[in-house]
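# Overview (structure and organization)
Okay, here's what each chain looks like letter by letter:
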Amino acid sequence: QVHVAESGGGLVQPGGSLRLSCRVSGSIANVSTMAWYRQAPGKERELVATITRRGVPNNADSVKGRFTISRDNALNAVNLEMNNLKGEDTATYYCYFQIRDSYYWRWNDYWGQGTQVIVSS
């Protein structure tokens with residue numbers, strides 16, 4: 001089995017910062033792409049940032065210059081550093097992993113349980 005544990009999030013004022021973390025554990029053979037998605041109330045889930053196994057990041061235009069995605073391959077973890085937060089960043093944030101499990105040797109998508117980020121004064 002594969003387990004995903006997500007942490008961070010909360011209430012922050014506009015212009016503030018937050019850090020989200022997510023770690024995967026269990027029967028893992030390989031972890032490829034890691035990413036963060038978000039879903040605001042009444043909207044579809046959208047991609048925030050991705051990072052390849054080699055550490056190449058790619059951010060959505062809406063967060064460029066403000067959010068930084070990073071990963072720790074030894075820990076099978078992905079982080080999202082969020083700075084200069086705006087009201088439109090309010091959403092539930094989900095981490096994502098592309099994983100090949102060590103039991104069936106198959107690639108599958110795994111998601112965190114979601115953590116709320118509320119940007120409000």
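Residues numbered from 1 in each chain as written. Predicted model: local features only at pLDDT ≥ 70, side-chain atom pairs only at ≥ 80, totals over all residues. Heavy atoms only, no water.

### Structural notes on the overall build of the protein
The cut-off we apply is this: Helix and strand definitions here come from DSSP, where helices need a minimum of 4 consecutive H or I residues and strands a minimum of 2 consecutive E residues; each element is numbered from the N-terminal end. Just to be clear, the radius of gyration here is over C-alpha atoms, and the globule rule we use is 2.2 Å times residues to the power 0.38. Throughout this description, buried means an accessible area under 20% of the type-specific maximum (1.4 Å probe, protein chains only), exposed means over 50%, and partly exposed covers the range between. Contact between two residues is taken to exist if any of their heavy atoms lie within 4.5 Å; hydrogens are not considered. For every accessible area listed, the method is Shrake-Rupley and the probe measures 1.4 Å; residues are considered covered only by the protein chains on display.
In terms of helices and strands, the protein carries zero helices and eleven strands. Starting at the N terminus, the α and β elements of the protein follow one another as β-β-β-β-β-β-β-β-β-β-β. Compactness check: the protein gives a C-alpha radius of gyration of 14 Å against a globular reference of 14 Å for 121 residues, within 12% of the reference. Its C-alpha atoms put the protein at 50 × 25 × 25 Å along the principal axes. Across the 121 residues in the protein, those meeting the buried criterion constitute 40%. Sequence-distant contacts, at least 24 apart, represent 57% of the contacts inside the protein between residues at least 6 apart. For the protein, the accessible area works out to roughly 6700 Å², and carbon and sulfur atoms hold 44% of it.

### Regarding the environment of threonine 115
Relative to the assigned elements, threonine 115 resides in strand S11 (residues 115–119). As for threonine 115 and asparagine 76, which are separated by 39 residues in sequence, their C-alpha atoms are 19 Å apart. If we skip the residues at most four places from it in the chain, threonine 115 touches Glu6, Gly8, Gly9, Leu20, Ala91, Thr92 and Tyr93.

### Section: the side chain of threonine 92
Tracing the sequence through the fold places threonine 92 in strand S9 (residues 91–101). For threonine 92, a relative accessible area of 18% translates into the label buried. Not counting residues up to four positions away in its chain, the partners in contact with threonine 92 are Tyr37, Arg38, Gln39, Gly114, Thr115 and Gln116.

### Considering the packing of aromatic side chains
For clarity, the cut-off: Pairing of aromatic rings covers Phe, Tyr and Trp, the last through its six-membered ring, and needs centres within 6.5 Å; plane angles under 30 degrees mean stacked, over 60 mean edge-to-face, and all others mean tilted. Charge-over-ring contacts are defined here by two conditions on Lys NZ or Arg CZ: a distance within 6 Å of the ring centre and an angle within 35 degrees of the ring normal.
Applying the stated criterion to the full structure yields four aromatic pairs. Ring plane angle 85° and centroid distance 4.7 Å describe the contact between tyrosine 103 and tyrosine 104, whose orientation is recorded as edge-to-face. Here the basic side chain of arginine 45 rests over the ring of tyrosine 94, its NZ or CZ set 3.8 Å away from the ring centre. One residue, arginine 45, lies across the ring of tryptophan 111, its end atom 4.7 Å from the ring centre.

### Considerations on the pattern of salt bridges
A side chain of one charge can pair with a side chain of the opposite charge when the charged atoms of the two come close. Under the convention used in this document: For salt bridges, the criterion is a side-chain nitrogen of Lys or Arg within 4 Å of an Asp or Glu carboxyl oxygen.
A full pass over the atoms with the stated rule returns five salt bridges. The salt bridge partner of glutamate 81 is arginine 19, with a shortest N-O separation of 3.0 Å. Of this pair, glutamate 81 sits in strand S8 (residues 77–82) while arginine 19 sits in strand S3 (residues 18–26), and the two are 62 residues apart along the sequence. A residue is classified by how much of its surface remains accessible, and arginine 19, at 43% relative accessible area, is partly exposed. In this structure, the salt-bridge partner of arginine 38 is glutamate 46, at a minimum N-O distance of 2.6 Å. Overall, arginine 38 belongs to the buried group, its relative accessible area being 5%. Exposure remark for glutamate 46: the relative accessible area of 35% places this residue in the partly exposed category. Taken together, the shared-partner salt bridges connect Arg38, Glu46, Arg66 and Asp89 into one network.

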